[in-house]
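Commentary on secondary and tertiary structure
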Amino acid sequence: MKALQLFGDRDLRLTEVPDPDAPGPGEVQIRVRAVGLNFIDVWGFRGMAFAKRKLPLTVGAEAAGEVAALGEGVEGLEVGDKVAPYGALTCGQCRACREGRDNLCEDVGGVLGFHVDGFARELVNLPARLVVRVPDSVSFTDAACAPIAFGTVQHMLFDNAKLEPGETILVHAGGSGIGTTAIKMAKAIGCTVFTTVGDDAKGEKAKALGADHVINYRTERFEGEVRKATKRKGVDVVFEHVGPETWNGSLLCLKRGGRLVTCGSTSGVSTTMNLMQLFQQQYRITGSFGCRIANIRDALAKMADGMNPVIDTVLPLADFAQGLERLESRKVFGKILVTL
């Protein structure tokens, strides 16, 4: 079967690899139809040092497909069902897994496409407990945005930031896959949304998604614009995933007692902050990584109700590297997907 494999830093090759064995007891074999690209793929493409892995590595951390075969004892799924797999090899046994806090697994075996072989291949076997059925009305390309893009935002906004209807929120990088999703999810519950973008064309697209206040961070100081628009009160929540470039400005945008939730650091890994500001203003800062399996189900339900992901580009598998380069350039608005 075909697979897209990483042989070294920025060295992706479309190769032929052996088909997987028939699924074992409790396993599902998935025929992959679409793969979503994310910054974790960019990190892997660059050769980020913290990734313990063996090359060549099949890439792709987010996908959707259909059930090709079932192992013994699998219930609730049938051959031909659309599915969206969870992208981390959790143990299923520790307290966090038993309580449905999958992304806090105490014995995770790695993230697919980053530490172990991922989804950019025609067939993959996974434990059935890591597979979520996709509603019939949701397409493969949309469903491929559920495990990371939609799931991550669902977890950030509602599990961690506890976003409530009518609150104010600043969404950074409103043209990114998770940024566009965050705008949609926040507007769906009646929030006032501020967002930052890198150019005016993206700003117009963000307004069309429902953003109330759009700030071009290349020409305006976003913290000043947010404070001015809120009469110096600040926003209830900041949705942060940029890192050092925006971190301290994000804190200045928060109202007293505000919540900042972060899932990324695309501009770097380290920053400094004013600790007196932190405790005097009683900020609540939460790190958020990935999502729970339940968040994927919630995300797919929202898609079935009409909340479609914003798609920037759909490419064939052979152009995966081109998609990563586009994502890395930050010229994207929405999700980039590849199809098999």
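In short, a report on the structure. By convention here, each chain's residues receive numbers from 1 onward along its written sequence. Selection of residues for local features in this predicted model requires a pLDDT of at least 70, selection of side-chain atom pairs for listing and counting requires 80 or more, and totals for whole chains, interfaces and linings are taken over all residues. Calculation of side-chain values draws on the structure's entire complement of heavy atoms; hydrogens and water are dropped beforehand.

Regarding the packing of helix α1 (residues 39–46) against helix α11 (residues 320–329)
Simply put, an axis is a line fit to the C-alpha atoms, just over the touching stretch for a helix, and the angle between two N-to-C directions goes from 0 to 180 degrees. Here a helix means four or more residues in a row that DSSP labels H or I, a strand means two or more in a row labelled E, and each is numbered from the N terminus. At a closest axis distance of 10 Å, the pairing of α1 and α11 adopts a crossing angle of 105°. Taken as axis vectors, α1 and α11 run roughly perpendicular relative to one another. Along its contact with α1, which presents F39, D41, V42, F45 and R46, the element α11 presents F320, L324, L327 and E328. If an angle is under 35 degrees, it is roughly parallel; if it is over 145, roughly antiparallel; if it lies from 65 to 115, roughly perpendicular; otherwise it is oblique. Contact between two residues is taken to exist if any of their heavy atoms lie within 4.5 Å; hydrogens are not considered.

Some words on helix α4 (residues 146–160)
For a helix, the expected span equals 1.5 Å multiplied by the number of residues minus one. When the terminal C-alpha atoms of α4 are compared, their 18 Å separation across 15 residues is substantially less than the 21 Å that a helix rising 1.5 Å per residue should span. Summarising burial for α4: eleven of the 15 residues are buried, a large majority. The rule is simple: take the accessible area with a 1.4 Å probe, protein chains only, and divide by the maximum for that residue type; under 20% is buried, over 50% is exposed, in between is partly exposed. If you check which residues of α4 are buried, you get A146, P147, A149, F150, G151, T152, V153, Q154, H155, M156 and L157. Positive phi shows up at K162, right after α4, with a value of about 55°.

Focus on the environment of R256
In this structure, R256 sits in strand β13 (residues 254–262). Residue R256 is classed as exposed on the basis of its relative accessible area, which comes to 60%. Expressed as a C-alpha distance, the spacing of R256 and V235, which sit 21 residues apart in the sequence, is 8.9 Å. Beyond its immediate sequence surroundings of up to four residues, R256 is in contact with K233, Q280, Q281 and Q282.

As for the environment of G334
As for its position among the elements, G334 is in the loop between α11 and β16 (335–339). Accessibility expressed as a relative area gives 2% for G334, which makes it buried. For G334 and D312, which are 22 residues apart along the polypeptide, the C-alpha to C-alpha distance reads 4.9 Å. Leaving out residues up to four positions away in the same chain, G334 has contacts with G175, S176, G177, T180, V310 and D312.

Digging into the state of the cysteines
The definition used for a disulfide is geometric: two cysteine sulfur atoms within 2.5 Å. Applying the stated rule across the entire model yields zero disulfides. Note on C94: no disulfide assigned, nearest cysteine sulfur contributed by C91 at a separation of 3.7 Å. Free cysteine C291: the closest other cysteine sulfur is in C263, separated by 11 Å. The buried category is assigned to C291, whose relative accessible area is 1%.

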